[in-house]
Amino acid sequence: MKTEKLLKVMKFFSWFAFIGLMIKAGGILVTYLLSIENPGISKNLYDGMNLFEYRNYSFTQYSFIISYKILLFAAEAYIAFLVIKLLRKLNIKHPFNMEVQKLMQQISKGVFYLWILAIVHNTHMQLIGTKHNFKMDLFSSDFVFLSVILFIFAQIVKRGIEIQSENDLTI
Amino acid sequence: MAIIVNLDVMLAKRKMKSKDLAETIGITTANLSILKSGKAKAVRFSTLEAICKALECQPSDILEYVND
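Everything quoted here is computed from the prediction, not taken from an experiment.

Caption draft 1: Inspection of the interface of chain B and chain A at higher detail. In this complex, chain B contributes 11 residues to the contact, which on the side of chain A involves 4 residues. Roughly 720 Å² is buried in total at the junction of chain B and chain A, and carbon and sulfur atoms are behind 65% of that figure. Summed over the three residues of chain B that lose the most area to chain A, namely B:Lys41, B:Ala42 and B:Arg44, the buried surface amounts to 59% of that side. One can count 0 salt bridges joining chain B with chain A. Inspection of the region where chain B meets chain A yields 4 residue pairs in polar contact (both at pLDDT 80 or more). At 3 residues, the largest contribution of residues to the side of chain B that touches chain A is made by helix H3 (residues 29-37) of chain B. Within the side of chain B that touches chain A, the residues separate by chemical class into 6 nonpolar, 2 polar and 3 charged.

This is the structure:
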């Protein structure tokens, strides 16, 4: 009963994170489009994000950084969506099923791609930022460990499914 | 599969229906069907014992090894 309640709370938080991240990605996209005409907007793109120096330096570089950020938040939102799907499919009485295993593997892959994207984004920003002494707004890139752990869990669930199916076929 | 289940043959010899055997040994007809079709991954000794008792036969009458 406790676990079921906890799962419901987690589902609520996942929806919350999903909507929040979608708004964040959308907000950056809209302010970016507005900043094409009015460069001053790039001082406060979303929640105090200031990329004015990059905008003045090169519009192409600025656009690249913005697209990384949109992709990063969209990827995070996608992971949150997968978590929602996982929580919806999760049945505490029969937790080992192929759908749950596939979703876990997808989440693990998603986190791994997010890590790669974050590294590319940070490297790009640091390359320009350090050269011209700009203010840097880096993205956390400590996901690889989480990705590996999730992948291991997905493999454990896969083995669990095999054992369960063997057990089901024991007459 | 190397292990062949000859349950159908024994049932025919004893002129017994699958449904009756399932009822006698206490398993579902669906599970008996899995056993007959060779889809089962394992057979419990208790199930084998019950089948042998119901059909008055030996385990070797039901299970056969074929080298493939």
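Caption draft 2: The packing of aromatic side chains, seen in detail. Residues and elements named next belong to chain A. Applying the stated criterion across every chain yields a total of 10 aromatic pairs over all chains. When the centroid spacing of 5.7 Å and the interplanar angle of 35 degrees are considered together, the rings of Phe112 and Trp115 count as tilted. In this pair, Phe112 and Trp115 are both assigned in helix H4 (residues 98-132), 3 residues apart and thus about one turn of the helix distant. Clustering of aromatic rings is evident, with ring pairs tying together Phe12, Phe13 and Phe16. Against the face of Phe52 rests Lys43, its NZ or CZ located 4.7 Å from the ring centre.

Caption draft 3: Quick peek at helix H4 (residues 45-55) of chain B. All names here are of chain B. Within H4 the residues assigned to the buried category are Thr47, Leu48, Ile51, Cys52 and Leu55. Along H4, the residues classed as buried sweep out an arc of 135 degrees about the axis, all on the same side. Exposed residues on H4 whose side chains face more than 90 degrees from its buried face are Phe45, Glu49 and Lys53. Directly after H4, the chain includes Glu56, whose backbone phi takes a positive value near 50 degrees.

Conventions used here
- Residues numbered from 1 in each chain as written.
- Chains lettered and ligands numbered in written order.
- Predicted model: local features only at pLDDT ≥ 70, side-chain atom pairs only at ≥ 80, totals over all residues.
- Heavy atoms only, no water.
- Contact = heavy atoms within 4.5 Å.
- Buried area = accessible area lost by both parts, 1.4 Å probe.
- Salt bridge = Lys/Arg side-chain N within 4 Å of Asp/Glu carboxyl O.
- Polar contact = N/O pair within 3.5 Å; in protein donor to acceptor, adjacent residues only side chain to side chain.
- Helix = DSSP H or I, 4+ residues; strand = E, 2+ residues; numbered from the N terminus.
- Nonpolar A, V, L, I, M, F, W, Y, C, P; charged D, E, K, R; others polar.
- Phe/Tyr/Trp six-rings, centres within 6.5 Å; stacked < 30°, edge-to-face > 60°.
- Lys NZ or Arg CZ within 6 Å of the ring centre and 35° of its normal.
- Buried < 20%, exposed > 50% of the residue type's maximum accessible area, 1.4 Å probe, protein only.
- Arc of directions from axis to C-beta.

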